[in-house]
Amino acid sequence: MLVTFDLVNDCLKTISNSKMVSCDCETFGLNSFKSDSLFSIIVSCEEGDFYFNFKDYPEENITALPLEVITKLQIALENVPVVFGQNFKFDMHMLAREGLYIKGKIYDLMFLDRVHFNQHMSYRLKDITKRWGDEKLDIVWNYITENKLIDKIEHPDLGKTEERPRFDKVPFSIMQPYGEQDGRGTLNVGRKILAAIR
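Residues numbered from 1 in each chain as written. Predicted model: local features only at pLDDT ≥ 70, side-chain atom pairs only at ≥ 80, totals over all residues. Heavy atoms only, no water.

### Looking at the environment of H155
Working step 1: Looking at the element boundaries, H155 is found in strand β6 (residues 150-155).
Working step 2: Residues contacting H155, with those up to four places away along its chain left out, are K160 and E162.
Working step 3: Separated by 2.8 Å, the side chains of H155 and E162 make a polar contact. (Helix = DSSP H or I, 4+ residues; strand = E, 2+ residues; numbered from the N terminus. Contact = heavy atoms within 4.5 Å. Polar contact = N/O pair within 3.5 Å; in protein donor to acceptor, adjacent residues only side chain to side chain.)

Here's what the structure looks like:
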């Protein structure tokens with residue numbers, strides 16, 4: 001569900017009253033230590049998936065929420081005892097750059113699934129969700145590949161070329177369901193793995 005300005009308070013109240021949530025960020029790129037930053041935050045809980053969008057998509061008539069909403073989201077998440085994520089150190093770094101810090105107990109699916117069984121070949125979200133009966137959509141990566149939305153940045157001093165996917169160029173109509181599915185899958189699978197290893 002796209003969180004519009006008039007729905008912010010109701011969505012935050014729902015999140016604040018949740019016992020478990022998952023949290024995910026969509027970002028301009030994959031370098032959390034340099035110039036990349038988030039443009040959306042997805043929080044999934046039992047009651048629904050909430051897509052907080054901070055990027056304008058004028059061609060789709062989608063307006064960004066003000067960044068002050070992140071402060072309100074911080075307050076709502078303070079009451080949540082359990083937060084699931086995938087490769088969550090990346091998301092936590094992006095969230096921290098915006099002043100949002102998670103206070104609840106954090107379970108990263110990469111590590112949670114490894115505790116359950118440590119001999120799988122991959123601990124990517126796509127593989128973890130498949131193992132546990134859920135799914136991850138490929139629609140964003142498909143769009144980036146088909147539309148050649150990858151910048152190549154030369155690093156002559158390192159003798160390397162960095163490929164930087166442009167997530168910010170993916171239409172909102174593709175990004176929202178992708179983000180919400182990631183959030184829902186992370187929450188569903190997180191609960192299943194936690195129950196299995198307890």
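Next comes the rest of the write-up.
### Brief notes about the side chain of Q86
Working step 1: Structurally, the position occupied by Q86 is in the loop between β4 (82-85) and α3 (88-97).
Working step 2: In terms of polar contacts, Q86 uses its side chain to reach the backbone carbonyl oxygen of Y123, at 3.0 Å.

### Re the packing of aromatic side chains
Working step 1: Tallied over the entire structure, the rule returns 5 aromatic pairs.
Working step 2: Relative to F39, the ring of F28 lies with its centre 5.2 Å away and its plane at 65 degrees, an arrangement referred to as edge-to-face. Placement of F28 in the loop between β1 (20-27) and β2 (38-45) and of F39 in strand β2 is noted, with a sequence separation of 11 residues between them.
Working step 3: Judged by its relative accessible area of 25%, F28 is partly exposed.
Working step 4: Geometrically, the ring pair formed by W141 and F167 is edge-to-face, given 5.3 Å between the ring centres and 85 degrees between the ring planes. With a gap of 26 residues between them, W141 in helix α6 (residues 139-146) and F167 in the loop between β7 (160-165) and α7 (172-197) connect regions that are remote in the sequence.
Working step 5: Following the ring pairs from residue to residue traces out a cluster consisting of Y51, Y57 and F172. (Phe/Tyr/Trp six-rings, centres within 6.5 Å; stacked < 30°, edge-to-face > 60°. Buried < 20%, exposed > 50% of the residue type's maximum accessible area, 1.4 Å probe, protein only.)

### Focus on the sheet that holds β1
Note on sheets: strands pair through backbone hydrogen bonds, and any given pair is parallel or antiparallel.
Working step 1: Strand order in the open sheet formed by 5 strands is β3-β2-β1-β4-β5, with mixed pairing between adjacent strands. Each of the sheet's edge strands pairs with one partner strand only, and the pair in question is β3 (48-53) and β5 (105-108). Looking at each pair of strands side by side, their axes are set apart by 25 degrees on average, direction ignored.
Working step 2: With 4 bridges joining them, β4 and β5 adopt parallel strand pairing. By the bridge assignment for β5, V83 is matched with I106.
Working step 3: The sheet contacts of helix α2 (residues 68-77) involve β1, β2 and β3, and relative to β2 the element is tilted by about 30 degrees.
Working step 4: Contacts between helix α4 (residues 109-116) and the sheet are confined to β4 and β5, with β5 contributing the most and set at about 70 degrees to the helix. (Pairing = 2+ DSSP bridges. Axes fitted to C-alpha atoms, helices over the stretch in contact; angles between N-to-C directions.)

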